[in-house]
Amino acid sequence: KKQQQDVFEERYLRFISILGKGNFGSVELCRYDPWGDNTGDLVAVKELQSNKQATVTDFQREIQTISSLHCDYIVKYKGICYSTGRLSTKLVMEYLPYGSLIGYMEKHRQNVCTRRLLLFASQICKGMEYLQSMRYVHRDLAARNILVASDTLVKIADFGLTKIIPVDKEYYRVTQPGESPVFWYAPESISELKFSHKSDIWSFGIVLHELFSYCDISRNPKRLCIQKIGSYVQSPSMAIHLLNLLKDNWRLPAPSQCPPKVHSIMMQCWEFNSEDRPSFSSLQDLIENSLLDERE
Ligand SMILES: C[C@H](Nc1nc(-c2c[nH]c3ncc(Cl)cc23)ncc1F)C(=O)NCC(F)(F)F
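For clarity, every value in this text was computed on a predicted model and none was experimentally measured.

What counts, and at which threshold
Residues numbered from 1 in each chain as written. Predicted model: local features only at pLDDT ≥ 70, side-chain atom pairs only at ≥ 80, totals over all residues. Heavy atoms only, no water. Helix = DSSP H or I, 4+ residues; strand = E, 2+ residues; numbered from the N terminus. Expected span 1.5 Å × (residues − 1). Buried < 20%, exposed > 50% of the residue type's maximum accessible area, 1.4 Å probe, protein only. Polar contact = N/O pair within 3.5 Å; in protein donor to acceptor, adjacent residues only side chain to side chain. Near = heavy atom within 4 Å. Areas by Shrake-Rupley, 256 points an atom, 1.4 Å probe, with all protein chains shown as cover. Nonpolar A, V, L, I, M, F, W, Y, C, P; charged D, E, K, R; others polar. Pairing = 2+ DSSP bridges. Axes fitted to C-alpha atoms, helices over the stretch in contact; angles between N-to-C directions. pLDDT = per-residue confidence, 0-100. Core = buried A, V, L, I, M, F, W, Y, C linked by side-chain atoms within 4.5 Å. Parallel < 35°, antiparallel > 145°, perpendicular 65-115°, else oblique. Contact = heavy atoms within 4.5 Å. Phe/Tyr/Trp six-rings, centres within 6.5 Å; stacked < 30°, edge-to-face > 60°. Lys NZ or Arg CZ within 6 Å of the ring centre and 35° of its normal.

J.: Would you explain helix 5 (residues 197–212) in this entry?
T.: Every α-helical turn comprises 3.6 residues, leaving residues that sit three or four positions apart pointing alike. Under the 1.5 Å per step criterion, the end-to-end length of helix 5 is 23 Å for 16 residues, consistent within 8% with the ideal 22 Å. Most of helix 5 sits inside the fold, with 15 of its 16 residues counted as buried. N-capping of helix 5 is provided by Ser196, with a side-chain oxygen placed 3.1 Å from the backbone N of Lys198. One or two steps after helix 5, the chain reaches Tyr214, where phi turns positive at roughly 55 degrees.

Put into structure tokens, the structure is as follows:
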């Protein structure tokens, strides 16, 4: 069942640095160096922080999910490492040296043009189209979960909240509200905890807004919503306030210098009724069409 290259021996995993902390795990930069001469590959190793049973099964599901995905626009699974000491499993993935999209934008925003933003958008859309073809709902699509592989390639990562849509249904209903901030959630996810390909589309619209805001922290979705609602409001009533705003047809304001066609794509992703939202394949065409405009 586990091909040989899937198993990484812990004694050859050399810790280098902490890359970041996710929902319930942390990701470390390591070198897998069986020859002990620093010629081994750099890898990203995710391990569970807390060993609460719920998260162990969630982590097993995350490993199951990412190991089943084979797409240029999704971070690659490399294998697992059975940590004897910690009695835990570690997830070994490819290491993307350009880091998170948010960090990349902070550093390079001056020379990222509209065409490159649209290229990144179209790659995320292709990754999501593939995910949908496997009947997965990501449920946490956000710029913080996009990695940069090179100046011209981004990949979707972090499948900690990803679920499979049952064959007889169009959506997945979670039992308790998740950790992910509601500012990326479709209305039906806030009000009924329903997640579907169409709720991923809503989140894609939010990611488009983040891209065209160059992931500027001062204008991120959470900040803009809280400014509108009032910072005195605490969650969970924050969710209700946001839901009422969305019902009243308030939406995130267009980012400055955002091409009108791109803003119109965001607005289509943010149709209140999920069936009025575009599919990832039609989104692909809308983005390619905007890309053509940018060429003229
Ligand atoms: C918790 C971890 N956080 C971070 N990871 C990296 C990173 C660089 N290069 C990487 N290569 C492979 C991986 Cl899996 C991560 C990184 N950089 C900064 C981080 F804060 C993470 O997984 N974040 C989700 C996502 F990967 F989508 F960004």
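Having seen the structure, we can now continue with the description.
J.: Just checking my understanding: could you explain the site of the ligand for this structure?
T.: In the vicinity of the ligand lie 16 residues, with Leu19, Leu96, Asn145, Leu147 and Ala157 positioned nearest. Here the ligand has 530 Å² of accessible area as a free molecule, and 87% of this is covered by the chains. If you list the elements that add at least two residues to the shell around the ligand, you get strand 1 (13–21), strand 5 (88–94) and strand 7 (146–150). Examining the composition of the shell around the ligand, we find that three residues originate from one element, strand 1, more than from any other. Among the residues making up the shell around the ligand, the classes are represented as nine nonpolar, four polar and three charged.

J.: Whenever I open this one, the sheet that holds strand 5 confuses me. Can you help?
T.: Adjacent strands of a sheet pair through backbone hydrogen bonds, lying either parallel or antiparallel. The sheet built from five strands is open, its strands ordered 1-2-3-5-4 with antiparallel pairing. Each of the sheet's edge strands pairs with one partner strand only, and the pair in question is strand 1 and strand 4 (77–83). For this sheet, the mean inter-axis angle between neighbouring strands, taken without regard to orientation, is 30 degrees. With five bridges joining them, strand 3 (residues 41–48) and strand 5 adopt antiparallel strand pairing. Looking at the pairing, Val45 lines up with Val92 of strand 5.

J.: I tried to follow the confidence of the model for the protein chain on my own but got confused; where do I start?
T.: In regions of low pLDDT, the predicted coordinates are not meant to be interpreted in detail. Put simply, the protein chain has an average pLDDT of 93, and 96% of its residues get 70 or more. Interface confidence for the predicted complex, given as ipTM, is 0.98, next to a pTM of 0.95.

J.: Can you help me understand the nonpolar core in this one?
T.: Where a protein is soluble and globular, its nonpolar side chains tend to be buried together. Core analysis: the largest hydrophobic core is formed by 81 residues, its most contacted members being Leu101, Ile124, Phe204, Leu208, Leu211, Phe212 and Leu242. Examining the composition of this core, we find that nine residues originate from one element, helix 3 (residues 114–133), more than from any other. Core analysis: the next-biggest nonpolar cluster, separate from the first, contains eight residues, Cys30, Val45, Cys81 and Val92 among them.

J.: Would you take a moment to explain the packing of helix 6 (residues 221–229) against helix 7 (residues 237–247) for this structure?
T.: If you want to describe how two helices pack, look at the angle between their axes and the distance between the axes. Contact pair helix 6 / helix 7: the axes reach a minimum separation of 11 Å and the direction vectors enclose 85 degrees. The orientation of helix 6 relative to helix 7 falls into the category roughly perpendicular. Facing Cys225, Ile226, Lys228 and Ile229 of helix 6, the residues of helix 7 in contact are Met238, His241, Leu242 and Leu245. Taken together, the residues that form the contact of helix 6 with helix 7 break down as six nonpolar, one polar and one charged.

J.: Quick question: what am I supposed to make of the packing of aromatic side chains here?
T.: The geometry of an aromatic ring pair is captured by the separation of the ring centres together with the interplanar angle, meaning the angle of the planes. Under the definition given, this model contains six aromatic pairs. Aromatic rings pair up to connect Phe8, Tyr12 and Tyr32 into one cluster. In this structure, Arg139 is placed above the aromatic ring of Phe195, and the distance from its NZ or CZ to the ring centre is 4.3 Å. Note that Lys194 overlies the ring of Tyr171, its terminal NZ or CZ placed 4.4 Å from the centroid.

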